[in-house]
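Chain by chain, the residues run as shown.
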Amino acid sequence: MVTNLLTNALKYGAGKPVELSVSTQAGQALLLVHDQGIGIDPGNLSRIFERFERAVSERHYGGLGLGLYITRTIVQALGGSIEARSTPGAGSTFIVTLPGVYAEHSLQTPAS
């Protein structure tokens, strides 16, 4: 899931920095991946998580259009949700929310 989101951000991020943050909010784990790349047209946001769907030309960016579909499938299997927010030309942010059981364990420091 994280690999797919980071790969996507690097692919469409126009060579600009990609930000990753992990936190908890209201007992849920939150993962945010933000790029400063080409962005996604608002008309395409509703379909980018579908199988074989793409928001841009395959010719320019390659790929099968499965990465976000697989990511959504994993997130849903864990009982979470995923959404994308984007502005064309200003980048995209993908927000993954996972149930409390993951929040309790994900930010703990390993024992020495």
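Preceding block: the structure.
Residues numbered from 1 in each chain as written. Predicted model: local features only at pLDDT ≥ 70, side-chain atom pairs only at ≥ 80, totals over all residues. Heavy atoms only, no water.

Q: Sorry if this is basic, but what is going on with the overall build of the protein chain here?
A: Counting its regular elements, the protein chain contains 4 helices and 4 strands. For the protein chain, the sequential pattern of α-helices and β-strands runs α-β-β-α-α-β-β-α. Across the 112 residues that make up the protein chain, the buried fraction comes to 31%. The long-range fraction of contacts in the protein chain, counting pairs at least 24 apart against all pairs at least 6 apart in sequence, stands at 53%. With the model as given, the accessible surface of the protein chain reaches about 6700 Å², and the carbon-plus-sulfur share is 54%. (Helix = DSSP H or I, 4+ residues; strand = E, 2+ residues; numbered from the N terminus. Buried < 20%, exposed > 50% of the residue type's maximum accessible area, 1.4 Å probe, protein only. Contact = heavy atoms within 4.5 Å. Areas by Shrake-Rupley, 256 points an atom, 1.4 Å probe, with all protein chains shown as cover.)

Q: Would you mind showing me how to read the pairing of strand β3 (residues 81-87) here?
A: Walk down a regular strand and you will see the side chains alternate between the two sheet faces. Judged by which residues are buried, β3 turns out to be one-sided: Ile82, Ala84 and Ser86 face inward and are buried, whereas Ser81, Glu83, Arg85 and Thr87, on the alternate face, are not. Here β3 runs beside strand β4 (residues 91-98); their pairing, made up of 7 bridges, is antiparallel. For alanine 84, the partnering residue across the bridge sits in β4 and is phenylalanine 94. Here β3 hands over to β4 after 3 residues, with glycine 89 in that stretch at a positive phi of 85 degrees. (Pairing = 2+ DSSP bridges.)

Q: What is the right way to look at the packing of aromatic side chains in this model?
A: Between two aromatic rings, the relevant description is the distance of the centres plus the angle of the planes. Applying the stated criterion across every chain yields a total of 1 aromatic pair. Where phenylalanine 49 meets phenylalanine 94, the ring centres are 6.1 Å apart and the plane angle is 85 degrees; that geometry is what we call edge-to-face. With phenylalanine 49 in the loop between β2 (28-35) and α2 (58-61) and phenylalanine 94 in strand β4, this pair connects stretches of sequence that are 45 residues apart. An identical accessibility class is assigned to phenylalanine 49 and phenylalanine 94; each is buried. (Phe/Tyr/Trp six-rings, centres within 6.5 Å; stacked < 30°, edge-to-face > 60°.)

Q: How should I be thinking about the side chain of serine 92 in this particular structure?
A: Take serine 92: it is sitting in strand β4. With a relative accessible area of 4%, serine 92 lands in the buried category. Residues within four places of serine 92 in sequence aside, it is in contact with Val33, His34, Asp35, Gly39, Ile40, Arg85 and Ser86.

Q: For this particular structure, what's the right way to read helix α3 (residues 67-77)?
A: Given 3.6 residues to a turn, an α-helix orients residues that are three or four positions apart in the same direction. Those residues of α3 that sit buried are Leu68, Thr71, Arg72 and Val75. Down the axis of α3, the smallest arc covering the buried residues is 100 degrees, so these residues share one side. Here the buried face of α3 lies against α1 (2-12), β3 and β4. Downstream of α3 by a residue or two, glycine 79 has a phi angle that is positive, lying close to 85 degrees. (Arc of directions from axis to C-beta.)

Q: Honestly, a nonpolar patch on the surface in this entry has me stumped. Any pointers?
A: Together, Val2, Leu20 and Val22 give the surface a local cluster of nonpolar side chains, amounting to about 230 Å² of exposed area. With respect to the helices and strands, valine 22 occurs in strand β1 (residues 19-25). (Patch = residues over 30% accessible without salt bridge, like charges linked within 9 Å, V, L, I, M, F, W, Y side chains within 5 Å. Salt bridge = Lys/Arg side-chain N within 4 Å of Asp/Glu carboxyl O.)

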